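Architecture at a glance
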Protein chains: 2
Amino acid sequence: MRLSRYFLPLMKETPAEAQIISHRLMHRAGLIHKTSAGIYSWLPLGLRVLERIENIIREEQDRIGNHYIKMSTIQPADLWIESGRYDAYGKEMLRIKDRHNRDFLYGPTNEEQVTDIVRTHVKSYKDLPLNLYQIQWKFRDEIRPRFGVMRGREFLMKDGYSFDLNFEAAKKTYQDIFYSYLRTFRRMGLTAIPVQADSGAIGGNMSHEFQILAETGESTLYYDKRYEEMANSTHIDYEELTRLYAVESEKHNPATCPIPEDQLMVKKGIEVGHIFYFGTKYSAAMGLNITGPDGKTFHPEMGSYGIGVSRLVGAIIEASHDDKGIIWPEAVAPFKAIIIDLVKSNDATSSMGDQLNTTLKNAGIEVLYDDRDERPGVKFASADLIGIPYQVIIGKKSTESGIVEFKHRKSGQIQEITLDQVVEKLTKDHA
Amino acid sequence: MRLSRYFLPLMKETPAEAQIISHRLMHRAGLIHKTSAGIYSWLPLGLRVLERIENIIREEQDRIGNHYIKMSTIQPADLWIESGRYDAYGKEMLRIKDRHNRDFLYGPTNEEQVTDIVRTHVKSYKDLPLNLYQIQWKFRDEIRPRFGVMRGREFLMKDGYSFDLNFEAAKKTYQDIFYSYLRTFRRMGLTAIPVQADSGAIGGNMSHEFQILAETGESTLYYDKRYEEMANSTHIDYEELTRLYAVESEKHNPATCPIPEDQLMVKKGIEVGHIFYFGTKYSAAMGLNITGPDGKTFHPEMGSYGIGVSRLVGAIIEASHDDKGIIWPEAVAPFKAIIIDLVKSNDATSSMGDQLNTTLKNAGIEVLYDDRDERPGVKFASADLIGIPYQVIIGKKSTESGIVEFKHRKSGQIQEITLDQVVEKLTKDHA
């Protein structure tokens, strides 16, 4: 992709309201446009990251046999009246009347709607276990939207819902999702700490939050330091992992903490996922009756499983940046490499850049090519700001020597190598 | 994908309100679930088709250098007050008040919002031409939603917006999109007739509707019969195509029709795309000022370009079905092939089915595998109903002879061939 033709509006100024680094960097790097308070539109570079995250989530959901669906964003109030949550939900629910004065709402979550789908279409225990998930826009009318996409009003969420025959089966589903979430975040280059959670407004009795570590996080986490060691080893024993101590500050009591102080880590975290088991709360309230093995009907055991997809873009930046800009983990980077032609209006370096651009593209590597008519300083600053993992820098001498600089954004390490070596390095771990 | 574990709720009964064949078939084939009048949720099989359509659109948009973005579904009323359309739009606009009693709406279209993005980020004519597109949910509060996803209230649309320096450039953009749309629909296995259109509520002075031919279409089209010949030839001269006569009935006047009667086709069509050039209507009203080559500011010339993504699923079924069910064009089919194991509880046929399923999957072929414990009649009917292009039928004798039936859903032709030949046939045109 040639930068000279790409819609990438980089900004020097950031809105005064942008208090946290990810919010500022998302504006400066041209990832988002603010449409209204807590309502953002995604520009091309930001949308690429959002889609990378979506793809990883989908692959991991599909891997464990969950079914991908897409529910409408607008829901009839009737469903929420059935579950008893319509009045209880409060002002965060965006309530809407249609032209016939009927009550609707913009879904803040979808337990009712998915329960309606399942009670319409599933009649026998033989169709269980069933786990339906979607990636869809949600709206929660936060009183004070802030921190950009981290606490927006309209946001993209992966939400999944499970239906099981009994508690034992529901517990197994919960554990499978638990492990799957650890794998999902790990694939994004993140260390996610699963902490026991109060189940809050949704209700229930088994719940974990997944928090990724970032100095600017809102939560303070207390957890066993073996967690990080185990999570970052090449072979993960997920079952072992889940036994480790990890709680938020309000649940931590030094007097009763089961692990010694020198084994205890205290770090800030950002919630990026949340899973719940809540039994028959919705299936009973909404009359989801399924015929069991004994011929009698029963209410399936349910759980719900969320990942904040748009929030993750901000959270990843909080966890991975420096004073020059974003440092994308490779798995979610909008492009894998950026080619920087340092010399203005020079046919030889242009032709070298063009050729490398084509070669990489043909090899299936997503590459951005800074062919703009700008000074080297501007190009270096742009590349560091937008945080593409690898920079290939073509200078005046490159055309004679055949040597370019290959810079790793994260470590800052620079190697002087040939174009063939660049291609080899960028394709070697590319499936 | 094993059908025994897939969420595919096939139905015998269809809702009384389902008057047209595509609506009935979408329910019977388990593609959608009705959440409320004109509001549907997409079940796994339907969502796969929706995504196939999305992918073709995106590839064709990217091919001509358009930029992929995603605007929020909720928009502030302010933008529409600026353009003068807030009051004019009428009851089809879903108007919303947030918790602070501020006016918002669920976007029925996005001219205002995209103009706001461009006026914020684009300052120089050097950044033109610019064409931003998205695929996003829209809401139009139809007074009588009907025909399922064909005239729903919440629907998925591809909408693109162009910004050009002057009329000449805008006209070229319009033409490029015009050709691109013809290619897009053709890739979906559809013949789309571009008819001159009144520009309707959006306003403007250059506009075409793209109609696909279907006996149940709402519009009556009068067009040059050379259109179909040219559109279906292997090499298309798009420029030639656009010169052919094609209008809707209200614009057709036999007295002034420029082509002889024996060259005139009269067929029913369904609108699946609509393109508009509308000059500076929004850029002027909303103060989108860009600095031109002469240093003076100007309002860019704009156009908008829509494709009804969710509507296309219904429209394709209207255009391609028989009395047994859907006949998906290959390019949009949810799976390319379905393996049908006809023999209940038979280890040998199961093992043959398993093996073929794995082989095809490994070859990158999307395959559904009917391993359900059902009678042959049920399996044949299901396969015909859901319209997968190729059926591979494994019978009792197949395990001895190594021969299976390979049935083409559209033509009904059956060949008796080996498994190797099945794999060869399904992979040969698979890039």
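Quantities reported herein were computed from a predicted structural model and do not represent experimental measurements. (Residues numbered from 1 in each chain as written. Chains lettered and ligands numbered in written order. Predicted model: local features only at pLDDT ≥ 70, side-chain atom pairs only at ≥ 80, totals over all residues.)

1. Considerations on the interface of chain A and chain B
Interfaces are often sized by the accessible area lost when the parts come together. Counted only if it meets this: Whether two residues are in contact depends on their C-beta atoms, placed from the backbone: they are in contact if these lie within 7 Å. Helical segments are the DSSP runs of H or I of at least four residues, strand segments are the runs of E of at least two, and each set is numbered from the N terminus. Nonpolar residues are Ala, Val, Leu, Ile, Met, Phe, Trp, Tyr, Cys and Pro. Charged residues are Asp, Glu, Lys and Arg, and all others, Gly as well, are polar.
Counting residues at the interface gives 40 residues for chain A and 40 residues for chain B. For the side of chain A that touches chain B, the secondary-structure elements that each account for two or more residues are β1 (32-36), β2 (39-42), α2 (44-63), β3 (67-68), β4 (74-76), β5 (94-97), α4 (111-121) and β7 (130-139) of chain A. Grouping the constituent residues of the side of chain A that touches chain B by class yields 21 nonpolar, 12 polar and seven charged.

2. Examining the domain arrangement of chain A
Residues and elements named next belong to chain A. To keep it simple, the criterion reads: In this document the domain limits rely on a domain assignment from an automatic tool or a database.
Here chain A is described as being made up of domain 1 (7-325) and domain 2 (335-428). Each of domain 1 and domain 2 has a C-alpha centre, and these two points are 37 Å apart. Contact residues are listed per partner, giving six residues for domain 1 and five residues for domain 2. Grouping the amino acids of the side of domain 1 that touches domain 2 by side-chain chemistry returns three nonpolar, one polar and two charged.

3. Focus on the sheet that holds strand β6 (residues 103-106) of chain A
Backbone hydrogen bonds are what pair the strands of a sheet, in a parallel or an antiparallel way. Residues and elements named next belong to chain A. Our working definition: By definition, two strands form a pair when at least two bridges between them are found by DSSP. Simply put, an axis is a line fit to the C-alpha atoms, just over the touching stretch for a helix, and the angle between two N-to-C directions goes from 0 to 180 degrees.
Strand order in the open sheet made by the three strands is β4-β6-β5, with antiparallel pairing throughout. Strands at the two margins of the open sheet, each flanked by one partner only, are β4 and β5. When strand polarity is set aside, the average angle formed by the axes of neighbouring strands in this sheet is 35°.

4. Some details on the relation of the copies chain A and chain B
Quick reminder of the rule: Superposition of the copies used a least-squares fit over C-alpha atoms from residues whose pLDDT is at least 70 in both.
By a simple turn and slide, chain A fits onto chain B: the slide is 0.0 Å along the axis, the RMSD is 0.0 Å, and the turn is 180°. Given the turn and translation reported, the copies of this chain are related as if by a two-fold rotation axis. The rotation axis passes nearest to the C-alpha of A:I96 in chain A, at a distance of 2.9 Å. A shared binding surface is used by both copies, with 100% of the interface residues of chain A retained as interface residues in chain B.

5. So, the sheet that holds strand β23 (residues 414-418) of chain A
All names here are of chain A. In spatial order, the strands read β20-β19-β21-β22-β23; together these five strands make up an open sheet with mixed pairing. The sheet terminates laterally at β20 (367-370) and β23, the two strands that pair on one side only. On average, each strand axis in the sheet is inclined to that of its neighbour by 25°, with strand direction left out of account. Note: strand β19 (residues 337-341) against β20, four bridges, orientation parallel. Residue I340 lies in a different strand from β20, and its bridge partner there is D370. Sitting on the sheet, helix α10 (residues 347-362) is in contact with β19, β20 and β21 (390-394), with an inclination near 165° to β19.

6. Examining the nonpolar core
Operational definition: Remark: nonpolar core denotes a set of buried Ala, Val, Leu, Ile, Met, Phe, Trp, Tyr and Cys residues whose joining runs through C-beta atoms within 7 Å. Any residue whose C-beta has 12 or fewer other C-beta atoms within 10 Å is treated as exposed, any with 20 or more as buried, and any in between as partly exposed, C-beta atoms being built from the backbone.
Among the nonpolar cores identified, the biggest contains 231 residues, and A:V392 and B:V392 are the most heavily contacted of them. Ignoring sequence-local partners within four residues, the contact set of A:V392 consists of A:A337, A:I339, A:I340, A:L356, A:V404, A:F406 and A:V422.

7. Some words on the confidence of the model for chain A
Parts of the prediction with low pLDDT should not have their coordinates interpreted in detail. The condition is simple: pLDDT is a per-residue confidence score from the predictor, ranging from 0 to 100.
Of the residues in chain A, 97% have a pLDDT of 70 or more, and the chain-wide mean is 94. The complex prediction reports pTM at 0.96, with the ipTM value standing at 0.95.

8. Structural notes on the packing of helix α2 (residues 44-63) of chain B against helix α9 (residues 309-319) of chain B
All names here are of chain B. Operational definition: Each angle is binned into one of four classes, with values under 35 degrees roughly parallel, values over 145 roughly antiparallel, values of 65 to 115 roughly perpendicular, and all other values oblique. Crossings are assigned a handedness: left-handed for a near helix turned anticlockwise from the far helix by less than a right angle, right-handed for a clockwise turn.
Direction vectors running N to C along α2 and α9 enclose 115°, while the axes themselves pass 9 Å from each other. Comparing their axes, α9 and α2 come out roughly perpendicular. The hand of the α2/α9 crossing is right-handed. For the pair formed by α2 and α9, the contact residues are G46, V49, L50, I53, E54 and I57 on the first element and V309, S310, L312 and V313 on the second. Along the lines of polarity and charge, the residues of the contact of α2 with α9 split into seven nonpolar, two polar and one charged.

9. Observations regarding the environment of A:I74
Here A:I74 is to be found in strand β4. By the C-beta count within 10 Å, which is 25 here, A:I74 ends up buried. Separated by 186 residues in sequence, A:I74 and A:P260 have C-alpha atoms that sit 50 Å apart. Excluding residues within four positions of it along the chain, A:I74 makes contact with A:F104, A:Y106, B:I39, B:F139 and B:E154.

10. Some words on the pairing of strand β8 (residues 154-164) of chain B
All names here are of chain B. Counted residue by residue, β8 has 11 buried out of 11 residues, so it is predominantly covered. Burial of β8 is two-sided: the residues E154, L156, K158, G160, S162 and D164 facing one way and the residues F155, M157, D159, Y161 and F163 facing the other way are all buried. Alignment of strand β7 (residues 130-139) against β8, held across 10 bridges, turns out to be antiparallel. Residue pairing in the sheet places N131 in a bridge with S162 of β8. Direction of pairing for β8 relative to strand β16 (residues 301-308): antiparallel, over a ladder of eight bridges. Opposite G160, over in β16, you have Y305 as the bridge partner.

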